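Residue strings, one per chain:
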Amino acid sequence: MMDTASMLERAHREDYGRIVATLIRVLDGDFGAAEEVVQDAFASALTQWPREGVPREPAGWLMRVARNKAVDRMRRSARLEARVGELEAAAPSVDGAGWQALPDDSLRLLFTCCHPALSPEAQVALALRCLCGLTTEQIARAFLVSPATLAQRLVRAQRKIRTARIPYVIPEPEALAERTEGVLHTLYLVFSEGYAATDGPALLRVDLCEEALRLARLARSLLPDDAEVASLRALMLLHHSRRRARVAADGGLVLLDRQDRSRWDGAQRDEGLAELEAALAMGARGAYTVQAAIAALHAQAPRAEDTDWAQIAALYARLVVLTPGPVVALNHAAAVAMARGPEHGLALVDDLEASGRLADYHLLPAARADLLRRLGRKEEAVSAYRRALALVRTAPERHFLEARLRELLAE
């Protein structure tokens, strides 16, 4: 049975974004106020739950407490009377039982965050913070910027929404297109944080993956003729279908070539493949389509050795053109190493390292270590593994790298 700390952590993972989305709606789109009252509600739970026990419906309890704090806040600002009805409706019962977030609230928040008046970076950062409850540090790592820079970006975005009076609504159909790119990028980063957490004790955050999939499904129904929406959903489904095989019984990382493919979710894989076919039929050719095609090649290989690495390397080369960036370049180098040999991949990795663009990214020295190991350059590989260990932030990846280093030193 979970202890109160674990239950509170789970509630934060699963319910934070939905409660914030509801409170933003009933607080006239005030992002800052909504975040404050929800954070205060979690702080109250931190002191009350250990003493009084975890409530039967934690999300309802948190919604009720946040609602009450919002009422207090509005009373102090003399605006209670006009809004109290909506606040009561947001948490209808005294004990919070039965409260459910409205799906539209999440979409309202997502599309508001992705308003074209905000910069693309601000759109994604704000959505990750408010909708998913990611910390400033986690979002900063996703953007490869400092936490201080990211914090300033969030403050400016919230100020812009307030001063520009950006409405907290799902746009009319004719206005959807200008926000779609930001919405998709946000969902992609939410899923990515769940698929490979940037820090913490676990490799996966299934709650974030499933929230991204839930929102992608809503976006797909809202934009049925958008090929990139279908492509992104295909990509998520194909990756998520492997979740059970990616983590060992002890929580450790299992690389793709060592995964038990019988544990992959066949129904989810097939749905992902069908979504990719639908996207291609609509003429999809964008970055999400290319990534989904790469995931499909992995999904369709019965065994690791059957993987068509030459085609994957070609697709990554295309992706480098569509979305140039150091992480994509690193993935391309890894694919080239599999298709043409480790020496070819290492040349690309060395060029990337010399550029300094991924100086604090642990997967760069980890990839370099693996290629050096395969080439028999033991001392250089040991040094690269130690560099990766100095940068890694998740426990499963740390344990994986430590095991690889021990194996190498024992040879």
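Quick notes on the rules
- As a convention, each chain's residues are numbered from 1 in the sequence order in which they are written.
- Local features are withheld for residues below a pLDDT of 70 in this predicted model, meaning they are given only at 70 or higher, and side-chain atom pairs are given and counted only at 80 or more; totals for whole chains, interfaces and linings count all residues.
- Computation of side-chain values: all heavy atoms of the structure, hydrogens and water removed.
- Runs of E in the DSSP output that reach at least two residues are strands. Runs of H or I that reach at least four are helices, and both are numbered from the N terminus.
- Radius of gyration means the value over C-alpha atoms here, while the globule rule gives 2.2 Å times the residue count to the 0.38 power.
- For every residue, the accessible area (1.4 Å probe, protein chains only) is compared with the maximum for its type, and the residue is labelled buried under 20%, exposed over 50%, or partly exposed between those bounds.
- Residue contacts are defined here by distance: any two heavy atoms, one from each residue, within 4.5 Å place the two residues in contact.
- Exposure was quantified through the Shrake-Rupley algorithm and a 1.4 Å probe, taking into account, for residues, occlusion by the shown protein chains and nothing else.
- Under the convention used here, Asp and Glu are negative, Lys and Arg are positive, and both His and the chain ends fall outside the count.
- Taken as the charge location is NZ of Lys, CZ of Arg, CG of Asp or CD of Glu.
- Among buried residues, those of type Ala, Val, Leu, Ile, Met, Phe, Trp, Tyr and Cys that are joined through side-chain atoms within 4.5 Å constitute a nonpolar core.
- Scored between 0 and 100, pLDDT is the confidence that the predictor attaches to each residue.
- Helix span, as expected, comes to 1.5 Å for every residue beyond the first.
- The arc in question is formed by the directions pointing from the helix axis toward the C-beta atoms.
- Two axes define the bend at a residue: one fitted to the seven residues ending there, one fitted to the seven starting there, and the bend is the angle between them.
- Structural elements are reduced to axes, namely lines fitted to C-alpha atoms, with helices fitted over the stretch in contact, and the angle between N-to-C directions of any two is expressed from 0 to 180 degrees.
- Under this scheme an angle from 65 to 115 degrees is roughly perpendicular, one under 35 degrees roughly parallel, and one over 145 degrees roughly antiparallel; angles in between are oblique.
- In this scheme, a crossing is called left-handed if the near helix is turned counterclockwise away from the far one by less than a right angle; it is called right-handed if the turn is clockwise.
- Three residue categories are used. Nonpolar comprises Ala, Val, Leu, Ile, Met, Phe, Trp, Tyr, Cys and Pro, charged comprises Asp, Glu, Lys and Arg, and polar comprises the others, including Gly.
- Stacked, tilted and edge-to-face are the three classes assigned to paired rings of Phe, Tyr and Trp, where Trp is represented by its six-membered ring and a pair needs centres within 6.5 Å; plane angles under 30 degrees give stacked, over 60 edge-to-face, the rest tilted.
- Salt bridge, as applied in this entry: a Lys or Arg side-chain nitrogen positioned within 4 Å of an Asp or Glu carboxyl oxygen.

A. Molecular detail of the overall build of the protein. The helix and strand tally for the protein stands at 20 helices and zero strands. Computed over the C-alpha atoms, the radius of gyration of the protein is 23 Å, within 12% of the 22 Å expected from 2.2 N^0.38 for a compact globule of 411 residues. Expressed as lengths along the three principal axes of its C-alpha atoms, the size of the protein is roughly 75 × 50 × 40 Å. Across the 411 residues of the protein, 51% fall into the buried class. The contacts of the protein with a sequence gap of at least 6 include a subset with a gap of at least 24, amounting to 65%. Within the structure as shown, the protein displays about 19,100 Å² of accessible surface, and the carbon and sulfur contribution to it stands at 52%. For the protein, the distance from the average position of its 53 positive side-chain charges to the average position of its 55 negative side-chain charges is 2 Å.

B. Structural view of the nonpolar core. By size, the foremost hydrophobic cluster in this structure holds 81 residues, and its most contacted members are Leu 23, Val 38, Leu 62 and Leu 126. Residues in contact with Val 38, not counting those within four places in the same chain, are Tyr 16, Ile 19, Val 20, Leu 23 and Ala 66. Judged by nonpolar contacts, the second largest core, of 23 residues, contains Leu 346, Leu 371, Ala 381 and Phe 400.

C. View of the environment of Arg 263. If you trace the backbone, Arg 263 turns up in the loop between α12 (243–246) and α13 (266–281). A sequence separation of 204 residues divides Arg 263 from Ala 59, and the C-alpha atoms of the two residues are 32 Å apart. Those residues within four positions of Arg 263 in sequence are excluded, and the remaining contacts are Arg 244, Ala 245 and Val 247.

D. The confidence of the model for the protein, seen in detail. Overall, the predicted model of the protein reaches an average pLDDT of 86, with 91% of residues at or above 70. The least confident element of the protein is helix α4 (residues 80–90), whose mean pLDDT is 51; the most confident is helix α15 (residues 309–322), at 98. Predicted confidence is poor over residues 90–99, with pLDDT under 50, and the contacts of this stretch with residues over four places away or in other chains come to 28 contacts.

E. Structural detail: the environment of Asp 270. Checked against the element boundaries, Asp 270 lands in helix α13. For Asp 270, a relative accessible area of 43% corresponds to the partly exposed category. Once the C-alpha coordinates of Asp 270 and Pro 167 are considered, the two residues, 103 residues apart in sequence, prove to be 39 Å apart.

F. Region of the structure containing helix α8 (residues 147–163). Taking 1.5 Å as the rise per residue, α8 with 17 residues should run 24 Å; its terminal C-alpha atoms sit 24 Å apart, in good agreement. Those residues of α8 that sit buried are Leu 150, Arg 153, Leu 154, Ala 157, Gln 158 and Ile 161. Take α8 and look down its axis: the buried residues cluster within an arc of 130 degrees, on one side only. Facing away from the buried side of α8, by more than 90 degrees, are the exposed residues Arg 162 and Thr 163. After α8 finishes, the residue Arg 165 shows a positive phi value of roughly 55 degrees.

G. Spatial organisation of helix α1 (residues 4–26). Maximum bend of α1: about 55 degrees, positioned at Asp 15. Immediately beyond the C-terminal end of α1, within one or two residues, lies Asp 28, with a positive phi of roughly 60 degrees.

H. Representation of the packing of α13 against helix α14 (residues 287–300) in the model. Closest axis-to-axis distance for the α13/α14 pair is 10 Å, and the angle between their directions is 140 degrees. It follows from the interaxial angle that α13 and α14 lie oblique. Considering how the two elements wind past one another, α13 and α14 form a crossing that is left-handed. On α14, the residues that touch Arg 269, Leu 273, Leu 276 and Leu 280 of α13 are Thr 289, Ala 292, Ala 293, Ala 296, Ala 299 and Gln 300. Taken together, the residues of the contact of α13 with α14 break down into seven nonpolar, two polar and one charged.

I. Looking closely at the packing of aromatic side chains. The tally for this structure, following the rule as stated, stands at four aromatic pairs. Ring centres of Tyr 16 and Phe 42 lie 6.1 Å apart, and the angle between their planes is 45 degrees; this geometry places the pair in the tilted category. A residue pair is termed long-range when its members are at least 10 positions apart, and Tyr 16 in helix α1 and Phe 42 in helix α2 (residues 31–52) qualify at 26 residues. By relative accessible area, which is 8% here, Phe 42 ends up buried. Relative to Tyr 288, the ring of Tyr 188 lies with its centre 5.6 Å away and its plane at 50 degrees, an arrangement referred to as tilted.

J. View of the pattern of salt bridges. Using the criterion set out here, one finds 19 salt bridges in the structure. The partner of Glu 275 in a salt bridge is Arg 220, with the nearest N and O atoms 3.0 Å apart. Placement of the pair is Glu 275 in helix α13 and Arg 220 in helix α10 (residues 206–222), with a sequence separation of 55 residues. Among the residues examined, Glu 275 registers a relative accessible area of 9% and is labelled buried. For Arg 368, the salt bridge is made with Asp 350, and the minimal N-O distance between the two is 2.7 Å. Separated by 18 residues along the polypeptide, Arg 368 in helix α18 (residues 363–374) and Asp 350 in helix α17 (residues 342–355) bring together distant segments of the chain. By relative accessible area, which is 27% here, Asp 350 ends up partly exposed. Three or more residues joined by partner-sharing salt bridges are found here, namely Arg 220, Arg 233, Glu 271 and Glu 275.

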